[in-house]
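# Observations on chain architecture
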Amino acid sequence: MSIGTIAVAVSSLVLLVYSGLLFDPELFRHELRRLRERELLWLLAANYLLIPVLTLLLIRHAGFSPVVNLVLLTMAMLPCASMVPPLVSVAGEAPQRALFVFLLMSLLNLAAVPVLMGLLSLPWVAGSHARPDGGELLAMGKYLASVFGPMGAGAALRIYAPSAALAWQRRLRRALPWLLAGSFVLFLISNSSDLLALGWRELEALLVFEAICIAVGALLARHTPGNRTATVLICAMRNVVMGLTFTVVVFPQTTALSLMLAFTNLVFLGTALGLGASRRWRVFAAASRP
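Because the structure is a prediction, the values reported are computed rather than measured.

As enumerated under the stated definition, the model contains 1 salt bridge in all. The salt bridge involving R97 is made with E39; its shortest N-O contact spans 3.6 Å. Taken as a pair, R97 in helix α6 (residues 96-120) and E39 in helix α3 (residues 37-62) lie far apart in primary sequence, 58 residues in all.

Below you can see the structure in the form of structure tokens.
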């Protein structure tokens, strides 16, 4: 692996630990008590059934390359990024609901991996490109250990040493922007040829996929008036940390990591612009009221 790939792997590891530190048992119990089962079921169905099915239809008829298909389906099966709760807070909504959904989906994402591996092996999805070294069982074992190990360590610290966990959470929150920026620069330098090889066809695939996720989120948000921003972001911002870990651990010899990072930057740029425009619109609307 190049130094850039190693830097991305280390950043993903730190983000997984940080995700585990967010696990608050009391918050989890509180949200379970006030759970609206129908709303949650629709959210789960949209993210684990509707978006993957629409992605498979896109893959089937668009004729993208196997590596592009691999990235799209991986993102389709792994919803809700760790950045969703803080971004929901920035948008002016209470983050507790988004944090609960993120924690729940992080667990469900682990269960979705065997399904993902099975779908990737379809000849018209990724076919032979989805045959990891050592076989699927070994690849899934390495992936689950890579994800569950650091996340479990963070969650255990939060449960058994909450004061220390909160202190580390604050430190990592301050350090993560610099760590992520540094790892991206290193990856850009050491893998520039792969990134420059990405063409309009790959960008088109990422844009269409993201448009599908946003459309599904916007449709669901009509029925969640108190959590509209959270619903859209849960669908639009896929769990890139788990996706990056999946590509690094299971398919390290492909250009999937470059595509995944391109998708990450595309989504974060679009989210920042969207939240900025939404905030300005709320200020304008408030100022326009008599």
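Here we come to the nonpolar core. Counting residues in hydrophobic clusters, the biggest one holds 86 residues, and the most contacted among them are L72, L73, V84, Y143 and F246. Among residues more than four places away in sequence, those in contact with V84 are A98, L233, I234 and M237.

Now for the packing of helix α4 (residues 66-77) against helix α10 (residues 200-221). At a minimum axis separation of 11 Å, α4 and α10 run at an interaxial angle of 20°. Taken together, the axis directions place α4 and α10 in an arrangement best described as roughly parallel. Crossing hand, α4 versus α10: right-handed. In this structure, α4 contributes V68, L72, M75 and A76 to the contact, and α10 contributes E202, A205, L206 and F209. Of the residues assigned to the contact of α4 with α10, the class counts are 7 nonpolar, no polar and 1 charged.

Next up on the list: a positive patch on the surface. Taken together, R170, R171, R173 and R174 make up a surface patch of like positive charges. Relative to the helices and strands, R170 resides in helix α8 (residues 162-190). According to the relative accessible area criterion, R170 is partly exposed, its value standing at 44%.

This part takes up a nonpolar patch on the surface. Together, L50, V53, L54 and L57 give the surface a local cluster of nonpolar side chains, amounting to about 300 Å² of exposed area. Along the chain, L54 falls in helix α3. Here L54 falls in the partly exposed class, since its relative accessible area comes to 30%.

On to the environment of G92, then. Mapped onto the secondary structure, G92 falls in the loop between α5 (84-90) and α6. For the pair G92 and T229, spaced 137 residues apart in the sequence, the C-alpha separation amounts to 8.9 Å.

The subject of this paragraph is the packing of aromatic side chains. Tallied over the full model, the rule gives 1 aromatic pair. Lying over the aromatic face of W124, R60 brings its terminal NZ or CZ to 4.7 Å of the ring centre. Sitting over the face of the ring of W168, R171 holds its NZ or CZ atom 4.9 Å from the ring centroid.

Criteria and thresholds
- Residues numbered from 1 in each chain as written.
- Predicted model: local features only at pLDDT ≥ 70, side-chain atom pairs only at ≥ 80, totals over all residues.
- Heavy atoms only, no water.
- Salt bridge = Lys/Arg side-chain N within 4 Å of Asp/Glu carboxyl O.
- Helix = DSSP H or I, 4+ residues; strand = E, 2+ residues; numbered from the N terminus.
- Core = buried A, V, L, I, M, F, W, Y, C linked by side-chain atoms within 4.5 Å.
- Buried < 20%, exposed > 50% of the residue type's maximum accessible area, 1.4 Å probe, protein only.
- Contact = heavy atoms within 4.5 Å.
- Axes fitted to C-alpha atoms, helices over the stretch in contact; angles between N-to-C directions.
- Parallel < 35°, antiparallel > 145°, perpendicular 65-115°, else oblique.
- Left-handed = near helix turned anticlockwise from the far one by under 90°.
- Nonpolar A, V, L, I, M, F, W, Y, C, P; charged D, E, K, R; others polar.
- Patch = residues over 30% accessible without salt bridge, like charges linked within 9 Å, V, L, I, M, F, W, Y side chains within 5 Å.
- Areas by Shrake-Rupley, 256 points an atom, 1.4 Å probe, with all protein chains shown as cover.
- Lys, Arg positive; Asp, Glu negative; His and termini not counted.
- Charge placed at Lys NZ, Arg CZ, Asp CG, Glu CD.
- Phe/Tyr/Trp six-rings, centres within 6.5 Å; stacked < 30°, edge-to-face > 60°.
- Lys NZ or Arg CZ within 6 Å of the ring centre and 35° of its normal.

As far as function goes, none of this settles anything; it's purely spatial.
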